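Survey of secondary and tertiary structure
In case you want the letters, here they are:
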Amino acid sequence: MTSTFMDPPVAHSPVGAGPLERFSLMRSTDPEQFVAAINQAYGAPSVALTEPPRGEQEYELRALVGQGFTVGYLRSGLPVHITPQRETGPYYLNLAPSGAVLAEAGEARTVNDSTTAVIMPAGVPQRLTPSADATESIGIKIERALVNAELAALLGRTPQSPVQFAPVLDLTGVAGSGIAALVRFMLAEANGLPGGLFDQPAVQLHHIRTLVAALLTMHRHTYSDALVSAPERSPRRSRALRLALEYVEGHLAEPLTVTDIAEAAGCSVRTLHEHFQDGVGDTPMGYVREQRLQRVHDELRITGRSVTDVACAWGFTHLGRFSASYRKRFGALPSDTARGL
């Protein structure tokens, strides 16, 4: 018996609760309002209508926005195109619980339905066309830095270029059904009672990291052969790096020292530096700085907060050095990003 994405989740959720019921953002008949809500939830003004809507319909968006990811439920018949930033654009894993969506990226065309998921390439313009009004979709955005960190931990070295996944994921196969089960389990956990375990950012991030690890180890991509042929690494060494990366992700907005990270990883500061150089090609605090810059960049694109407030919230106290580092990383001043330039 083959499975589809609509099969019951492993975990239980309140009776009658739909996907991400607790995270409802909007329900409206205004298509422009719907698109604006999508852009806010997914972190960039990059989604736009490709054609006017076919008559009046109701649109709905529910979304869980976390550190480096967004998990969203969308109900719509609107055709849209997505224009991400090529250098920093995230990955999108799209599933269709009901109906179908034609997904186009460059010359590639795939029908996304209950048995087929689509992984859209990072930084590539996309076009999504639902088959009918009220088509349901699950769209999971995963920032490139998060995928790169997980891939680096698996490879034992920093990847030289962004990973590109095979766009089609068969949900009836061994790999696809397992990945679909992870998504269903995450959605079921998200519908738990407010204040529960899943409301903890570290727990949310753990679920996303598990999903990324599953995609990297079970689904075909440009580093699949390298992962198979990667030299054996010490389990202690791999575990220490993973613990360090998880600790950094969970405490990124807090004051951090290299000693804090080493204690969380269960190793000395010297050994920690070796892990980071081998695993991600950077020092521990250099990695922290890069991750914080990414968080500032993401927040400036979707909030109206001042550059100073956002920078300070992510641990940058010297604004001159912050601005120089930001411009070197993203090729623009933080104030330009805040203005949508």
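Residue positions within a chain follow its written sequence, with the count starting from 1. Side-chain atom pairs in this predicted model are given and counted only at pLDDT of 80 or more, local residue features only at pLDDT of at least 70, and totals for whole chains, interfaces and linings cover all residues. The side-chain quantities take in all heavy atoms of the structure and omit both hydrogens and water.

**Brief notes about the packing of helix α3 (residues 174-190) against helix α4 (residues 201-218)**
Put simply, the test is: The axes used here are C-alpha line fits, helices contributing only the stretch in contact, and every angle between their N-to-C directions lies in the interval 0 to 180 degrees. A helix here means a DSSP run of H or I that spans at least four residues, while a strand means a run of E at least two residues long, and both kinds are numbered starting from the N terminus. Working rule for angles: under 35 degrees goes down as roughly parallel, over 145 as roughly antiparallel, 65 to 115 as roughly perpendicular, anything else as oblique. Note on contacts: a residue pair qualifies if any of its non-hydrogen atoms lie within 4.5 Å across the two residues. The classification used treats Ala, Val, Leu, Ile, Met, Phe, Trp, Tyr, Cys and Pro as nonpolar, Asp, Glu, Lys and Arg as charged, and all other residues, Gly among them, as polar.
Taken N-terminus to C-terminus, the directions of α3 and α4 make an angle of 175°; their axes are 10 Å apart at the nearest point. On the basis of the axis angle, α3 is roughly antiparallel to α4. Contacts between α3 and α4 pair Val174, Ala175, Ile179, Leu182, Val183, Phe185, Met186 and Glu189 from the former with His207, Ile208, Thr210, Leu211, Ala214, Leu215 and Met218 from the latter. Across the contact of α3 with α4, the residue classes break down as 12 nonpolar, 2 polar and 1 charged.

**A short note on unusual backbone geometry**
The condition is simple: Three exposure classes are used, based on accessible area relative to the maximum for each residue type with a 1.4 Å probe and protein chains only: buried under 20%, partly exposed in between, and exposed over 50%.
If you check the backbone angles, leucine 20 has positive phi at about 55° while not being a glycine. According to the relative accessible area criterion, leucine 20 is buried, its value standing at 1%. You will see that alanine 134, though not glycine, has its phi angle at about 60°, which is positive. Mapped onto the elements, alanine 134 comes out in the loop between β10 (126-130) and β11 (135-142).

**Considering the pairing of strand β6 (residues 91-98)**
We apply this condition: Strand pairing follows a simple DSSP-based rule, namely that at least 2 bridges must link the two strands.
Most of β6 sits inside the fold, with 7 of its 8 residues counted as buried. For β6 and β11, the ladder comprises 6 bridges, and the chain directions are antiparallel. Each bridged residue has a counterpart across the sheet, and for leucine 95 the counterpart in β11 is isoleucine 138. Note: β6 against strand β9 (residues 116-120), 3 bridges, orientation antiparallel. Note on β9: the bridge partner recorded for leucine 93 is isoleucine 119.

**Digging into the confidence of the model for the chain**
Note that predicted coordinates carrying low pLDDT should not be read in detail. This is how it is decided: Residue-level confidence of the predictor is summarised by pLDDT, bounded by 0 at the bottom and 100 at the top.
Confidence along the chain averages 85 in pLDDT terms, with 91% of residues attaining 70 or more. The lowest-confidence element of the chain is helix α6 (residues 235-250), averaging 77 in pLDDT; the highest-confidence one is strand β4 (residues 69-76), averaging 95. Contacts from residues 8-16, a stretch scored under 50 in pLDDT, to residues over four places away or in other chains number 11 contacts. This model gives residues 232-236 a pLDDT under 50, and the stretch forms 5 contacts once residues within four places in sequence are excluded.

**Overview of the pattern of salt bridges**
Here is the rule: When a carboxyl oxygen of Asp or Glu is within 4 Å of a side-chain nitrogen of Lys or Arg, the pair counts as a salt bridge.
All told, the structure shown has 17 salt bridges when counted by the stated rule. When the shortest N-O distance is used, the salt bridge between glutamate 58 and arginine 75 registers 3.0 Å. Of the two residues, glutamate 58 sits in the loop between β2 (47-49) and β3 (59-66) while arginine 75 sits in strand β4, which places them 17 residues apart along the sequence. We classify glutamate 58 as partly exposed; its relative accessible area is 35%. A single salt-bridge network, built from bridges that share partners, covers Glu21, Arg27, Glu58, Glu60, Arg62 and Arg75.

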